[in-house]
Amino acid sequence: MVAAASDRGLSLAPATGFSSPPAVGVTATVAGHEIQVGGPRLLEETGQPEIGAADAWRADGAIILHVVRDGIMIGGLKLADEIRPESRDALAALHRLGVEVVMITGDAAAVAGEVARELGIDRVFAGVRPKDKAAKVAELQHEGTAVAMVGDGVNDAPALVQADVGIAIGAGTDVAIASAGVILASSDPRSVLSVIELSRAAYRKMKQNLWWAAGYNLISVPLAAGVLDRVGFVLPMSVGAILMSLSTIVVALNAQLLRRIDLSPEASTRAVLERTN
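Before going into details, it helps to say that this report is about the structure given with it. (Residues numbered from 1 in each chain as written. Predicted model: local features only at pLDDT ≥ 70, side-chain atom pairs only at ≥ 80, totals over all residues. Heavy atoms only, no water.)

A word on the overall build of the protein chain
Move 1: Looking only at helices and strands, the protein chain features 11 helices and 10 strands.
Move 2: Since a compact globule built from 277 residues should have a radius of gyration of about 19 Å, the 28 Å found for the protein chain marks it as more spread out than a globular shape.
Move 3: Across its three principal directions, the C-alpha atoms of the protein chain cover 100 × 40 × 40 Å.
Move 4: The 277 residues of the protein chain split such that 34% are buried.
Move 5: Residue pairs in contact within the protein chain that sit at least 24 positions apart in sequence constitute 40% of those at least 6 positions apart.
Move 6: Within the structure as shown, the protein chain displays about 16,400 Å² of accessible surface, and the carbon and sulfur contribution to it stands at 59%.
Move 7: Taking the average place of the 24 positive charges on the side chains of the protein chain and the average place of its 30 negative ones, the gap between the two points comes to 8 Å. (Helix = DSSP H or I, 4+ residues; strand = E, 2+ residues; numbered from the N terminus. Rg over C-alpha atoms; globule rule 2.2 N^0.38 Å. Buried < 20%, exposed > 50% of the residue type's maximum accessible area, 1.4 Å probe, protein only. Contact = heavy atoms within 4.5 Å. Areas by Shrake-Rupley, 256 points an atom, 1.4 Å probe, with all protein chains shown as cover. Lys, Arg positive; Asp, Glu negative; His and termini not counted. Charge placed at Lys NZ, Arg CZ, Asp CG, Glu CD.)

Quick look at the nonpolar core
Move 1: The biggest cluster of nonpolar side chains holds 20 residues, and the ones touching the most others in it are Leu 94, Met 103, Leu 119, Ile 121 and Leu 193.
Move 2: Secondary-structure elements contributing two or more residues to this core are helix 4 (85–96), helix 5 (109–119), strand 9 (165–169) and helix 9 (191–225).
Move 3: Apart from the residues within four sequence positions on either side, Leu 119 is in contact with Ile 83, Ser 87, Arg 88 and Leu 91.
Move 4: Formed by 13 residues, the second largest nonpolar core is a distinct cluster that contains Ile 104, Phe 125, Leu 140 and Met 149. (Core = buried A, V, L, I, M, F, W, Y, C linked by side-chain atoms within 4.5 Å.)

Points about the sheet that holds strand 1 (residues 15–19)
Move 1: Within the open sheet, the five strands sit side by side as 1-2-3-4-5. Their pairing is antiparallel. Each having just a single partner strand, strand 1 and strand 5 (72–79) make up the two edges of the open sheet. Looking at each pair of strands side by side, their axes are set apart by 20 degrees on average, direction ignored.
Move 2: Here strand 2 (residues 25–30) pairs with strand 3 (residues 33–38) via six bridges, running antiparallel. What sits directly across from Thr 29, in strand 3, is Glu 34. (Pairing = 2+ DSSP bridges. Axes fitted to C-alpha atoms, helices over the stretch in contact; angles between N-to-C directions.)

A word on the pattern of salt bridges
Move 1: Here the structure, examined in full by the defined rule, presents 12 salt bridges.
Move 2: Residue Asp 55 pairs with Arg 58 through a salt bridge whose shortest N-O separation is 3.0 Å. Pair noted here: Asp 55 and Arg 58 are both in helix 3 (residues 54–59), with a separation of three residues, about one helical turn.
Move 3: Note on Asp 55: relative accessible area 56%, which makes it exposed. (Salt bridge = Lys/Arg side-chain N within 4 Å of Asp/Glu carboxyl O.)

Brief notes about the packing of helix 9 against helix 10 (residues 237–256)
Move 1: Running from N to C, helix 9 and helix 10 point in directions that differ by 175 degrees, and their axes come no closer than 9 Å. On the basis of the axis angle, helix 9 is roughly antiparallel to helix 10. Facing helix 9, whose interface residues are Lys 205, Gln 208, Asn 209, Trp 212, Ala 213, Tyr 216, Asn 217, Ser 220 and Ala 224, helix 10 presents Met 237, Leu 243, Met 244, Leu 246, Ser 247, Val 250, Val 251, Asn 254 and Ala 255.
Move 2: Grouping the constituent residues of the contact of helix 9 with helix 10 by class yields 11 nonpolar, six polar and one charged. (Parallel < 35°, antiparallel > 145°, perpendicular 65-115°, else oblique. Nonpolar A, V, L, I, M, F, W, Y, C, P; charged D, E, K, R; others polar.)

Regarding the sheet that holds strand 8 (residues 148–151)
Move 1: One open sheet holds the three strands; their spatial order is 8-9-10, and the pairing between them is parallel. With partners counted over all chains shown, the strands left at the sheet margins are strand 8 and strand 10 (182–184), one partner each. Neighbour-to-neighbour, the strand axes of this sheet turn through a mean angle of 20 degrees, independent of strand direction.
Move 2: Summarising the sheet, strand 9 and strand 10 pair through three bridges and their orientation is parallel.

So, a nonpolar patch on the surface
Move 1: A surface patch of nonpolar side chains, amounting to about 310 Å² of accessible area, comprises Val 2, Leu 10 and Leu 12.
Move 2: Residue position: Leu 10 is located in the loop between helix 1 (2–7) and strand 1. (Patch = residues over 30% accessible without salt bridge, like charges linked within 9 Å, V, L, I, M, F, W, Y side chains within 5 Å.)

Here we look at the packing of helix 4 against helix 9
Move 1: For the pair helix 4 and helix 9, the least separation of the axes is 9 Å and the interaxial angle reads 30 degrees. Between helix 4 and helix 9, the interaxial angle falls into the category roughly parallel. Facing Ala 90, Ala 93 and Leu 94 of helix 4, the residues of helix 9 in contact are Val 192, Leu 193 and Ile 196.
Move 2: The residue makeup of the contact of helix 4 with helix 9, split by class, is six nonpolar, no polar and no charged.

Honestly, that's just the spatial picture; any functional story needs more than this.
Spelled out as structure tokens, the structure:
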């Protein structure tokens, strides 16, 4: 918006006394006037009506912000979320894995519903105050489901802590990053699939290595102890020790195979979609 104003040759007065009341909007003093920009709750607090075009904008699924000067509504802003193409791929892959996708947002129900319909999101909690996001996550957990929360803002931090797995966008705020257990290196939503792919691959290796280690011990220890002594076979202790060391080498080499997994967002998403076709 600032760039657009500059392109049109408009002079911009400096803003002072900036504040950002949670779930209300922003307030600052510009050219001696108190300017407030926010959503429905700003109108509730100031007792001002909506802009005349609000109903038409809402029908388009747009985000509507109002501008209030010294307590009087003077205009509005129509904003629309641009859905990234990779978001559709991420949602499709998550659904292939049987993951239920839920959106928790402070946006109005009409806006959230439009995005949900376009992406195929399963459930939507709209108009949620920042302080209530964690409660929504807890509500999902009480339904008996494990919840992975993806967020990037200060308002998402409590919900990231509440979730079973908190996933922060690497380009997000420091508070969100500090609150999460997993941090994505990029803002690509398909990176969530990379996390799932790595987690499942690591779990498979854990089970494989457990069987490798247990197998060597289950075979070599009884033989070295003389379980087949009656038939004249006793495994020398030195050979048993070698087998024990060999099991450690096999486990370490098997774990190194994890390095062969391509964890780029594109490859992880493609692997899920191809595997479940």
